[in-house]
Amino acid sequence: MRVVQPIRYGPGSVVPRQQALRRNFGTTVRLQSYADTLPNLRIGAHTRVMFQGFTGKQATANAKDSIAWGTNIVGGVRPGRIGEHLGLPVLPTVQSAMKELKPDATAIYVAAHQAPGAIEEAIEAEVPLVVAVAEHIPLHDMLRIHSILKTQSKSRLVGPNSPGIISAVGKCRIGFQPLPCFSPGRIGIIAKSGTLSYETVASTTRAGLGQSLCIGVGGDIVPGTDLREALTVLENDSDTEAIALIGEIGGLGELDAAEWIRDYHSRTQTPKPIVGLIAGIHEPRGRIMGHAGAFTIVGEPDAKEKIEALVSAGVTMVTHPGQFGEAFKARLGGSTHGVNSSAGRGKLGNQRRQIHTAVGRPQTRTRFLAKPCTQQRRHLTLSEDDSMDLLREAGLNCGHYSGLGTRRFLAIGVDRSTKSPCILAAPTVDDDQIEKMVKRYPFDYRHGPDELAIERVASHLHISLKESAHESLRRLVHRLSDIFYEKEAYLMETEIVERLGEIKVVDARFGFDDAAYRSCGRQTELQKLRNTAVEDASELEAEKSGIMYIKLEGSGTIGTLVNGAGLAMNTVDALGGHATNFLDTGGKATSETVKHGFEVILKDPRVRVIFVNIFGGLTLGDMIANGIIMAFKELSPRVPVVVRIRGTNEKEGQKLIEESGLPLYAFDDFEAAKAKAIELSSA
């Protein structure tokens, strides 16, 4: 039985975990489940929207734009305050706002350390739709929130780490999507990535198709609404005639979606066409690609497997979001100009063939935590020695493998499909077998692993029938789960052997959620275990500027600078083996971030050309262009720079680049820009 430890839920506050988990949210007698809240996603002109954090700078700017666009915003909440803001009521609590304003949805605009409390307050008040846009909410706070969501049937969550949800038909925006790109129409969009969804919106607008309902699932490890759930909503949305599905590496969500699509096609005489895109084909194994959830662990499919599953389910795949418009015109009976000839239902286009173009592929599939002390803004991975020390402190039997006994795989991680912790187990550690043999055993976040699950794990691991061995395994699982909770881990991998009726740990690598420290000031002791001496100097430098940079292996010669993790992954995918790096500016492309990005990229002697791929959503295209020009003049890079700008004020931005007199090559079309970058890199 694990010991209940107090845990900080915000600066200066300590809430016992048991007390937090026992809170009874909602007072309505329920015979339903969380799945019954899916209709709450059908927003439109009728939707009454309120804000939490209403008087803050970001919420104020967002509310002004949304009101001007036509969104029915009815007021908001600021703790301890009653009054007016933007001519609308301000109330002190969500409960009082529910009574006075009667909202259908709330947009949460507070910092990451405040967001869990704001989400819980909204669930307790039974707000029908809760939209959380914040990044870097600690994983364990979200696991706790999911344990709450599963006990009620009134509130539906979108996010976090999401641009939100928007109805172009109903002029209802709950989030921070760039409004100039949207036009009322008939394409529904579901996406893990914000920038890829904006590119898709722009593509379908250019194609004259417009959008109906766009659901930003978000890039979190355990989002409030997943791809499959969003599909069920768009299936029954009368404004939606076709669906764009945008996924990425991490989890089983795309496979769950593919299974749903196969069933949908079997039971529907005229199904809505679905066009898809998966980012992360060229994922470097063992790295987190910008989004908190963009990583692949043992037993999870890579991008290639996700693409193949979707194709087999009848989804048309594209390689870049700019292709969605023409692909939908082909599927809906319009022009096929510019679309791969295999864009018909169930045919496999560019994306599958592109999988095989990477230099050095295929990769060996290895366990995720293969590298010691990798720090990537969101996660901290400890070395084997430090991980084993944590186990010794917990009183467990640990030591190096002597060569005796069969090594088995045992881990505590997160089951993204059930949105709960789980035990992962495989009777082998052989890289060629473990992917096929690993099984997941989810458990309730509130209660920890149960005895039945542990017995099933013992059976799968082929642990002997000796009672001492089973008792030793129980003790190990409970100690691992204690550390998982108390230290806020996201993945704890071990290799174990059974010797003389006891279970011994012979290898361990533990990964912890860095957001708990960065957002909330928790887990400070763990940070002392970080060893920057083993980390890449360029990646450390980029981190100081808030940039996510990952140096890629291989003989690539094109440095990439992109705004948004999803678009950055897709850019690397499109370049195949030509890219030297993944670089996400964090959604920003100011002169300072561009300058720092250039500096980091140019430290790599392989780089012969820099490819800047920017979609200007909230950041205007002309501002982005000015930033690139200023950075170029200040640094005078030794290599040519190809700049592709799309989005808000794109023409103005392209004109500034063209007229700068600098060796900058301006494009709006991605394929043309990519071709130019490859040409220059080969010169």
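Quick note: structure is the one above.
Residues numbered from 1 in each chain as written. Predicted model: local features only at pLDDT ≥ 70, side-chain atom pairs only at ≥ 80, totals over all residues. Heavy atoms only, no water.

### Comments concerning the packing of helix H21 (residues 621-635) against helix H22 (residues 650-658)
The condition that has to hold: Geometry is summarised by axes, namely lines fitted to C-alpha atoms with helices restricted to the contacting stretch, and by angles between N-to-C directions that run from 0 to 180 degrees. Only DSSP runs of H or I reaching four residues or more are called helices, and only runs of E reaching two or more are called strands; each is numbered from the N terminus. Oblique is the label for every angle not falling under 35 degrees (roughly parallel), over 145 degrees (roughly antiparallel), or within 65 to 115 degrees (roughly perpendicular). Here a crossing is taken to be left-handed if its near helix is turned anticlockwise relative to the far helix by less than a right angle, and right-handed if that turn runs clockwise. Throughout, a residue-residue contact means that at least one pair of heavy atoms, one from each residue, lies within 4.5 Å.
At a minimum axis distance of 6 Å, the contact between H21 and H22 shows a crossing angle of 25°. Considering their axes alone, H21 and H22 lie roughly parallel with respect to each other. Read as a crossing pair, H21 and H22 show a hand that is right-handed. For the pair H21 and H22, the contacting residues are Gly 621, Asp 622, Ala 625, Asn 626, Ile 628 and Ile 629 in the first and Glu 652, Gly 653, Leu 656 and Ile 657 in the second.

### Describing H21
Rule in force here: Here the expected length of a helix is defined as 1.5 Å per residue gap, with one fewer gap than residues. Exposure classes here rest on a 1.4 Å probe applied to the protein chains alone. A residue is buried below 20% of its type maximum, exposed above 50%, and partly exposed in between.
Between the first and last C-alpha of H21 there are 21 Å, a value that for 15 residues agrees with the 21 Å anticipated at 1.5 Å per step. Within H21, burial applies to Gly 621, Ile 624, Ala 625, Gly 627, Ile 628, Ile 629, Ala 631 and Phe 632. In this fold, the buried residues of H21 make contact with helix H20 (591-602), strand S26 (609-616), strand S27 (641-647), H22 and strand S28 (664-667). Phi for Ser 636, located one or two positions after H21, is positive at around 50°.

### With respect to the packing of aromatic side chains
Short version of the rule: Two rings belonging to Phe, Tyr or Trp (six-membered ring only in the last case) form a pair when the distance between their centres is within 6.5 Å. Interplanar angles under 30 degrees mark stacking, angles over 60 mark edge-to-face geometry, and anything in between is tilted. Two thresholds decide whether a charge sits over a ring: the Lys NZ or Arg CZ must be within 6 Å of the ring centre and within 35 degrees of the ring normal.
A full pass over the atoms with the stated rule returns 10 aromatic pairs. On the numbers, 5.0 Å between centres and 20° between planes, the contact of Trp 260 with Tyr 264 is stacked. Here Trp 260 and its partner Tyr 264 are both found in helix H8 (residues 253-267), four residues apart, which amounts to about one turn of the helix. Pair check on accessibility: Trp 260 and Tyr 264 agree, each one buried. Taken together, a centroid distance of 5.8 Å and an interplanar angle of 85° make the contact between Phe 484 and Tyr 485 edge-to-face. Of the two residues, Phe 484 and Tyr 485, neither departs from the other in class, the shared state being buried. Members of the aromatic cluster, connected to one another through ring pairs, are Phe 51, Phe 54 and Tyr 109. Geometry around Tyr 34 places Arg 156 over its ring, the cationic atom sitting 3.8 Å from the centre. For the cation-ring pair, Arg 416 lies above Phe 295, with the distance from its terminal atom to the ring centre recorded as 4.4 Å.

### Examining empty space enclosed by the protein
For the record, the criterion: Here the term cavity refers to a set of points on a 1 Å grid, laid over the protein atoms alone, in which a 1.4 Å probe fits but cannot get out; the term pocket refers to an open set having protein on both sides within 12 Å along at least five of seven lines, with lining residues being those that place an atom within 4 Å of a point. Grid points are joined across faces, edges and corners, and a volume is the space filled by probe spheres set on the points. Classification used: nonpolar for Ala, Val, Leu, Ile, Met, Phe, Trp, Tyr, Cys and Pro, charged for Asp, Glu, Lys and Arg, polar for all others including Gly.
What the rule picks out here adds up to six cavities of 30 Å³ or more. The computed volume of the largest cavity comes to approximately 190 Å³. Taken together, 20 residues line the largest cavity, and the ones lying closest to its centre are Lys 192, Ile 221, Pro 223, Gly 253 and Arg 416. When its residues are assigned to classes, the lining of the largest cavity shows six nonpolar, seven polar and seven charged.

### Remarks on helix H4 (residues 115-124)
Of all 10 residues making up H4, seven are buried, and the element is well covered by its neighbours. Residues Ala 115, Pro 116, Ala 118, Ile 119, Glu 120, Ala 122 and Ile 123 constitute the buried set of H4. The inward-facing, buried residues of H4 contact strand S3 (49-52), helix H3 (94-101), strand S7 (105-108), strand S8 (129-132), helix H5 (139-149) and strand S9 (156-158). Downstream of H4 by a residue or two, Glu 126 has a phi angle that is positive, lying close to 65°.

### With respect to the sheet that holds strand S16 (residues 316-317)
Counted only if it meets this: A strand pair is defined by DSSP finding two or more bridges across the two strands.
Spatially, seven strands are ordered S11-S10-S13-S12-S14-S15-S16 in an open sheet, and the strand pairing comes out mixed. Pairing within the sheet leaves two strands with one partner each, and these edge strands are strand S11 (172-175) and S16. Where strand S12 (residues 184-191) meets strand S14 (residues 242-248), five bridges bridge the pair, whose relative direction is parallel. The partner of Gly 188 across the bridge, within S14, is Ile 243. Of the strands in this sheet, S12, strand S13 (211-216), S14 and strand S15 (274-279) touch helix H7 (residues 227-235), which is tilted by about 160° from S12. The strands that helix H19 (residues 565-575) touches are S14 and S15; relative to S15, the one it contacts most, it runs at about 85°.

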